[in-house]
Each structure stands twice: as structure tokens, then as C-alpha cells.
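Okay, here's what each chain looks like letter by letter:
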Amino acid sequence: MLAYVYFSFMQNAQHEIRISVMDSHTAGEPTRVVLAGGPELGAGSMAERRERFRSQFDHYRQALIHEPRGCDALVGALLCPPEDPASAAGVIFFNNAGYLGMCGHGAIGVAATLHVLGRLGPGKFQLETPVGNIQCQQHANGETTISNVASYRYRPAVKVTAPGRGEITGDIAWGGNWFFLVEDHGLTLEIENLPALTEFACGLRQALASQGITGANREEIDHIELTGPSRKAAARNFVLCPGLAYDRSPCGTGTSAKLACLHADGKLKPGEIWRQESIIGSQFSASYEAGDQPGYVRPYITGRAHITSQAEIILQPEDPFRWGITVPDHG
């Protein structure tokens, strides 16, 4: 296998590669959908293909996301033929730090992209992701509602000692990615306070790792969500993503995790609307249905993506930064 990977990489290094993409932003957070020219991942589930992407073709991720062609906030979405012919597409999400289980804003970006390309009209459709299938509905007004994977609160009121902050209490919840959600942080959730928010959230994530606090099955908690009051919505949040970029949107999987916590605390009823505001003031509208298992919910997240560009990414063989500018490990 290693010999095959090396051969494929060297073969790619000898010719120009062109990758067709369409870029969008959902509530301010960018998505780059790979339409053609990406790695061929073969058959299997999206989880199996994601691991193939990670182990054999990670240089594509780096080229598409890292500078000079991308930026830290950008999330990529590789379209794949679905396992189920009834699905509209399979999709694998990735960012500057690696690979995601699900991405709410990215799924809305994929829906808008497929709509603009004429592959989907208004109505319902299914996307396959590495953590399960999600149902989507493209509305006539341009908005998209996604029915996310089943979400739940794993552990409430978990205490962690944060550097310079002492003991911090938060909830661990799953919304397609693992989150540590904190209300009692003492920080102002305003964009002007971005450096302090980033420093605190980064320290908190490192503290969780060093103190052995994880999600189910010892999975890493790689998203930090700080929540607080909002003048325009039910709540405002600041979400630090795995690669240390903040989410410009209210975060679809983060909002799903929040809904699971609200459900667990009896603070939000099924079908009741929850409006979540991001650190830049954009909003998602959300609600949930009770899940198939006790404590689980099926979140519904509604937002809108806007197309920003359609392009062909060119990787020239003589370009010293063909596969992106190497960045330090974000762990």
C-alpha cells in the first residue's frame, strides 16, 4: 500500500492537475466544493472513503485548503458518488487540520452549489456523510434546511482546569462532531474580543486533552463552543474549530450539540424554534425532534449559502507550493 501511495504521489507530481471547485459562504463561513479533478477514492461507505482520502491523498486537502489557494477558515467538501442511488451525493468534509465527521454550514453550501449547477431543484434530498446520512430540503427562497445526524449530550457539567482560569464547567455533546460547550466563561462574545476568545478556547481544548477528557469511545473533543446572551436571537456563540480558526457561522453541528443540551435540560421543546447567532451576527434557525434513543434528538438547521466563485484550481508541477504551504501541527 505504501509503495502504491508513493507511486501515485510521484505520478501526480509530474503533470499539471486541474481541480474544478465552486466556493460559497454560509452565514459568513466559506465552503469549497470539489466538483471534479479530486482524488479517486473508489467504492465503500463515506467513512471508508474518508480514511482512504486521509491515508493516501492528504496532499489534495493541503493544496485546496492551505495557503496560497485557501485559508484557515475554509472547509472543503469533496463530492463522491453515493452508495445509495437514491442519495443526491456523498460528501467528505475537510479543513486546515484534517477531516470532519459532518459540517452543517458545509452541507448547506453543498446544497446551494448543487442547486446553482442545476443538479437539484427545490425539494428534499439526501446526502451521505462519514457519520451518517442527512436529509436536506432546498427551499424556494434560497434557504436550506438540513436534518442532521442524531445528536446527544454525552456528559453534563464536566469540570476542567483551564490555564489561568481555574476550574471551568461545560457539557460534552455530539452534533456530528464533538463539542465542549461552556456558558460560564466570563468573556464578552463580540468580534472585537476575538484574540481573548481564541486564546481561552485554545487553552480549554488543550486542557481537555491533557486531562484525558474525551467524547464517547475516547474520541477527541476538537470543537469548543462558548455561548452567551444575544440581543437578536436566543443565544450567541463563539466556536473554535479544530484548526484554531473561529466559525463565522453559528456552526451547524455546534447548534445541533446545543439543541441536545437544551433538550437534556428541559429548556427547549420539540418543534420549538431556537435562533442561534454567530460571533459576527449571522443566524441559523433551529429546532429538533425526539430521537430514536432516549436523550437523542434529530436537529433541523436552516440557513442560506451564497455562491462566491467558480474556479479551476491549477497545481503546476514546478510550483514549490503546489501542495500548499506547510503549517505546524494544530494539536
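Quantities reported herein were computed from a predicted structural model and do not represent experimental measurements.

Engineer: Give me the confidence of the model for the protein: which residues, what numbers.
Structural biologist: In regions of low pLDDT, the predicted coordinates are not meant to be interpreted in detail. Per-residue confidence for the protein gives a mean pLDDT of 94, with 95% of residues at or over 70. Low pLDDT, under 50, characterises residues 1-11; the stretch is placed with six contacts to residues that sit more than four places away or in other chains.

Engineer: Hey, could you go over helix H5 (residues 194-210) for me, with residue numbers and the actual values?
Structural biologist: Residues spaced three or four apart along an α-helix face the same direction, because each turn holds 3.6 residues. Along its 17 residues, H5 runs 24 Å from first to last C-alpha, staying within 8% of the 24 Å computed at 1.5 Å per residue. Among the residues of H5, Leu-194, Leu-197, Phe-200, Ala-201, Gly-203, Leu-204, Arg-205, Ala-207 and Leu-208 are the ones counted as buried. Buried residues along H5 sit in contact with strand E8 (151-162), strand E9 (166-174), strand E10 (178-182), strand E11 (223-228) and strand E12 (235-240). Gly-212 sits one or two residues past H5 and shows a positive phi near 70°.

Engineer: Help me get a handle on the nonpolar core, residues and values and all.
Structural biologist: Counting 66 residues, the largest nonpolar core has Phe-93, Val-110, Phe-180, Leu-204, Leu-226 and Phe-238 as the members making the most contacts within it. Counting residues per element, this core draws most heavily on H5, at seven residues. Those residues in contact with Phe-238, other than ones at most four positions away along the chain, are Leu-189, Leu-194, Leu-197, Thr-198, Ala-201, Ile-224, Glu-225, Leu-226, Tyr-246 and Ile-279.

Engineer: Tell me about empty space enclosed by the protein, and please be specific about residues and values.
Structural biologist: One pass over the structure, following the stated rule, counts two cavities of 30 Å³ or more. Approximately 100 Å³ is the volume found for the largest cavity. Lining the largest cavity are 16 residues, and of these Leu-100, Cys-103, His-105, His-223 and Asp-247 sit closest to its centre. Breaking the lining of the largest cavity down by element, the ones donating at least two residues are helix H4 (104-116) and helix H6 (252-264). Among the residues forming the lining of the largest cavity, the class breakdown is seven nonpolar, seven polar and two charged. Considering only enclosed or pocket space, the second largest cavity measures out at about 60 Å³ in volume. In terms of lining, the second largest cavity is formed by Glu-29, Asp-72, Ala-73, Leu-74, Val-75, Asn-95, Asn-96, Cys-241, Gly-243, Ala-245 and Tyr-246. A breakdown of the residues in the lining of the second largest cavity according to their chemical character gives six nonpolar, three polar and two charged.

Rules behind the numbers
- Residues numbered from 1 in each chain as written.
- Predicted model: local features only at pLDDT ≥ 70, side-chain atom pairs only at ≥ 80, totals over all residues.
- Heavy atoms only, no water.
- pLDDT = per-residue confidence, 0-100.
- Contact = heavy atoms within 4.5 Å.
- Helix = DSSP H or I, 4+ residues; strand = E, 2+ residues; numbered from the N terminus.
- Expected span 1.5 Å × (residues − 1).
- Buried < 20%, exposed > 50% of the residue type's maximum accessible area, 1.4 Å probe, protein only.
- Core = buried A, V, L, I, M, F, W, Y, C linked by side-chain atoms within 4.5 Å.
- 1 Å grid on protein atoms, 1.4 Å probe; cavity = no way out; pocket = protein on both sides within 12 Å on 5 of 7 lines; lining within 4 Å.
- Points joined across faces, edges and corners; volume = space filled by probe spheres on them.
- Nonpolar A, V, L, I, M, F, W, Y, C, P; charged D, E, K, R; others polar.

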